[in-house]
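Fold and contact review
Take a look at the letters that make up each chain.
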Amino acid sequence: MKIGMKLQMVDLQGQYQRIKNEIDASIKNVIESAAFINGTPVKEFARHLEEFTGAKHVIPCANGTDALQIALMALNLKPGDEVIVPAFTYVASAEVIGLLGLIPVMVDVDPGTFNVTLKNIERALTSRTRAIIPVHLFGQSCDMEAILDFAQQHDLFIVEDNAQAIGAIYSFRNGKRSQTGTMGDFGCTSFFPSKNLGCYGDGGALMTNNDVLADRARMIANHGQKVKYHHEVIGCNSRLDTIQAAILDVKLKYLNEYNLARNEAARYYTIQLKDVEGIVFPEEKAYSTHVYHQYTLKVEGGKRDTLKKFLEEDGIPSMIYYPLPLQEQEAFRKIARSTGDLTESSRLASSVLSLPMHTELTREQQDIVIDRVKKFIF
Ligand SMILES: *Cc1c(COP(=O)(O)O)cnc(C)c1O
């Protein structure tokens, strides 16, 4: 058997085993109550997530992509309006822009943090810009203070894509601390199983501190109705399953612990690999905590793919998030606009490699990965 055989990118089975009793009981409760749609656990989980994040409103929905779509719909954007989005992200961040007939304006990211910076955003501003979607990629917040100030000056909406950073905390210069997803007009998150707070299927939520926007988002997610069978606007049907909410309500109690475990595992990788030449470590910024949705290295000298293969030969998994930046995706060729050059995003797509990262990772497992990386000739 290959030495890395038992290693996984994510270990959801191991995580479940530790909380099995609580989870099983919560699922059973839902089944026995038969309140499968909008049952009590949905409201309870939303309230607990409000308490946890400090957001005034949490609006559960069917998945993270829907959350982004509902946010843009609630902001009343018109076809042809421009929305700024990083070129290096998961497709959902930009897909919803195109879906609504808006124009995705792709901007480059900082190669150290993988996130958009104010400098990238500034160049993209036109008279048609209406919103920015900062993505807190891999678990660390964008530098939000600068982006929020800029948005205020130019009357732009901010929709944070917080699918990968739930529980991360951003520090403002005056000492104020806010959770990611609670600083913009909307914050959107995903409960996809492998996310830091994942359910056992699909799920998502919007967060906002704005009562009017919260009302609109709730209405849109519910067929555009506030009163049953009275439809004010065209909406959609996007609900968080009661069973998923019940599961999430259990897992939310462990989120801080889970994020801490990820952060510690990341620290161990970085310390143990620090003398290896040819790899660059994820940059941690003082303004944000890092919840390490992914632990992502940059492999220099064009050796990323050979390193990936070298790990694979020993049964060690690794993943490329993301192999193609948005500007190279066929789907965006005709509808998106880009400003400036997107060199860093292209370069990242060919140099990033994410190592196994999850809440159950042991030192022994990490040592297997570390030893193998050290054996590679860079
Ligand atoms: C996972 C993810 C989404 C979409 O979430 P789904 O629940 O899969 O729809 C959006 N943006 C980013 C950055 C993500 O990682």
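None of the values given here were measured: they were computed from a predicted structure. Counting restarts for each chain: residues are numbered from 1 in the order of the written sequence. Local features in this predicted model are restricted to residues of pLDDT 70 or higher, and side-chain atom pairs are both shown and tallied only at a pLDDT of 80 or more, whereas totals for entire chains, interfaces and linings draw on every residue. Think of the side-chain values as coming from all heavy atoms in the structure, minus any hydrogens and water.

Observations regarding the packing of aromatic side chains
For Phe, Tyr and Trp, where Trp contributes only its six-membered ring, two rings pair if their centres lie within 6.5 Å, and the inter-plane angle classes them as stacked under 30 degrees, edge-to-face over 60, or tilted in between. Applying the stated criterion across every chain yields a total of 15 aromatic pairs. Relative to F172, the ring of Y170 lies with its centre 5.0 Å away and its plane at 85 degrees, an arrangement referred to as edge-to-face. In this structure, Y170 and F172 share a single accessibility class: buried. With a centroid separation of 6.0 Å and 25 degrees between ring planes, the pair formed by Y254 and Y258 is classed as stacked. We call a residue buried when its accessible area falls under 20% of the maximum for its residue type, exposed when it is over 50%, and partly exposed in between, using a 1.4 Å probe and counting protein chains only.

Some words on the nonpolar core
Within the largest apolar cluster, 66 residues are counted, with the highest numbers of intra-cluster contacts made by F88, I133, V159, F186 and L206. Helix and strand assignments follow DSSP, with helices taken as H or I runs no shorter than four residues and strands as E runs no shorter than two, numbered in order from the N terminus. A total of 7 residues in this core trace back to one element, the largest contributor, which is helix 3 (residues 64-74). For each domain, the first and last residues come from an automatic or database assignment. Mapping this core onto the domain boundaries places at least three of its residues in each of domain 1 (13-107 + 115-252) and domain 2 (254-375). A contact between two residues is defined here by any heavy atoms of the two lying within 4.5 Å. Those residues in contact with V159 that lie beyond four places of it in its chain are L68, A71, L72, L75, I132, I133, P134, F186 and C188. A266, Y292, L297 and V369 belong to the second-largest nonpolar core, a separate cluster that totals 25 residues. Only buried Ala, Val, Leu, Ile, Met, Phe, Trp, Tyr and Cys residues count toward a nonpolar core, and they belong to the same one when joined by side-chain atoms within 4.5 Å.

What about empty space enclosed by the protein?
Put plainly, a pocket is an open set of points on a 1 Å grid over the protein atoms alone with protein on both sides within 12 Å along at least five of seven lines, a cavity is a set where a 1.4 Å probe fits but cannot get out, and a lining residue has an atom within 4 Å of a point. Grid points are joined across faces, edges and corners, and a volume is the space filled by probe spheres set on the points. Evaluation of the coordinates by the stated rule reveals 2 cavities of 30 Å³ or more. Considering only enclosed or pocket space, the largest cavity measures out at about 50 Å³ in volume. Lining the largest cavity are V10, D11, L12, Q15, P193, S194, K195, K251, R262, H358 and T359. Along the lines of polarity and charge, the residues of the lining of the largest cavity split into 3 nonpolar, 4 polar and 4 charged. In this structure, the lining of the largest cavity is formed jointly by two domains, domain 1 (13-107 + 115-252) and domain 2 (254-375), each of which donates at least three residues. If you trace the second largest cavity, you find it lined by V107, D108, N120, R123, T339, G340 and D341. Classifying every residue of the lining of the second largest cavity by side-chain character gives 1 nonpolar, 3 polar and 3 charged. The two domains that each donate at least three residues to the lining of the second largest cavity are domain 1 (13-107 + 115-252) and domain 2 (254-375). Following the grouping adopted for this structure description, the nonpolar residues are Ala, Val, Leu, Ile, Met, Phe, Trp, Tyr, Cys and Pro, the charged ones are Asp, Glu, Lys and Arg, and the polar ones are all others, Gly among them.

Regarding the pairing of strand 13 (residues 295-299)
With 5 of 5 residues buried, strand 13 is to be regarded as a mostly interior element. By the convention used here, strands pair only if DSSP detects at least 2 bridges between them. Where strand 12 (residues 279-280) lies against strand 13, 2 bridges are found, and the strand directions are antiparallel. In the strand pairing of strand 13, I279 is matched with V299. The sheet contact formed by strand 13 and strand 15 (residues 352-355) spans 4 bridges and is antiparallel. Following the sheet pairing, T296 is matched in strand 15 by S354.

Notes on the packing of helix 3 against helix 7 (residues 211-221)
Two elements in contact, helix 3 and helix 7, have axes whose closest approach is 9 Å; the angle formed by their N-to-C orientations is 120 degrees. In terms of their interaxial angle, helix 3 and helix 7 are classed as oblique. In this structure, the crossing between helix 3 and helix 7 has a hand that is right-handed. Contacts between helix 3 and helix 7 pair I70, M73 and A74 from the former with L213, R216, A217, I220 and A221 from the latter. Axis lines are fitted to C-alpha atoms, over the contacting stretch for helices. Their N-to-C directions set the angle, which ranges from 0 to 180 degrees. Any angle between 65 and 115 degrees counts as roughly perpendicular, while under 35 counts as roughly parallel, over 145 as roughly antiparallel, and the rest as oblique. Throughout, a crossing is termed right-handed when the near helix is turned clockwise from the far one, and left-handed when it is turned anticlockwise from it by less than a right angle.

A few points about the layout of surface pockets
Put simply, the largest pocket is a space of about 470 Å³. The wall of the largest pocket is formed by 25 residues, among which Y90, S190, F192, K195 and Y322 lie closest to the centre. When residues of the lining of the largest pocket are traced back to their parent elements, those giving at least two are helix 3 and helix 4 (92-99). Each of domain 1 (13-107 + 115-252) and domain 2 (254-375) accounts for three or more of the residues forming the lining of the largest pocket. In this structure, the second largest pocket is lined by 15 residues; those nearest its centre are N38, V42, I59, P60 and R218.

Quick word on the domain arrangement of the chain
Segmentation of the chain into domains returns domain 1 (13-107 + 115-252) and domain 2 (254-375). Centre-to-centre, using C-alpha coordinates, domain 1 lies 24 Å away from domain 2. Contact with domain 1, which involves 47 residues of that partner, is made by 37 residues of domain 2. Note on definitions: buried area is the accessible-area loss of two parts on being combined, 1.4 Å probe, summed for both. Area buried by domain 1 at its contact with domain 2 is led by F88, M106 and F138, which between them contribute 23% of it. The shortest N-O distance in the salt bridge between E360 and R18 comes to 2.8 Å. Polar contact is defined as a pair of N or O atoms within 3.5 Å, subject to the rule that within protein one atom must be able to donate a hydrogen and the other to accept it, and that residues adjacent in sequence are counted only when both atoms are side-chain atoms. Inspection of the region where domain 1 meets domain 2 yields 24 residue pairs in polar contact (both at pLDDT 80 or more). Elements with a minimum of two residues in the side of domain 1 that touches domain 2: helix 1 (12-33), strand 2 (82-86), helix 4, strand 3 (103-107), strand 6 (169-171) and helix 8 (242-252). When the residues that make up the side of domain 1 that touches domain 2 are grouped by side-chain class, the tally is 26 nonpolar, 13 polar and 8 charged. The rule for a salt bridge is simple: a side-chain nitrogen of Lys or Arg has to be within 4 Å of a carboxyl oxygen of Asp or Glu.

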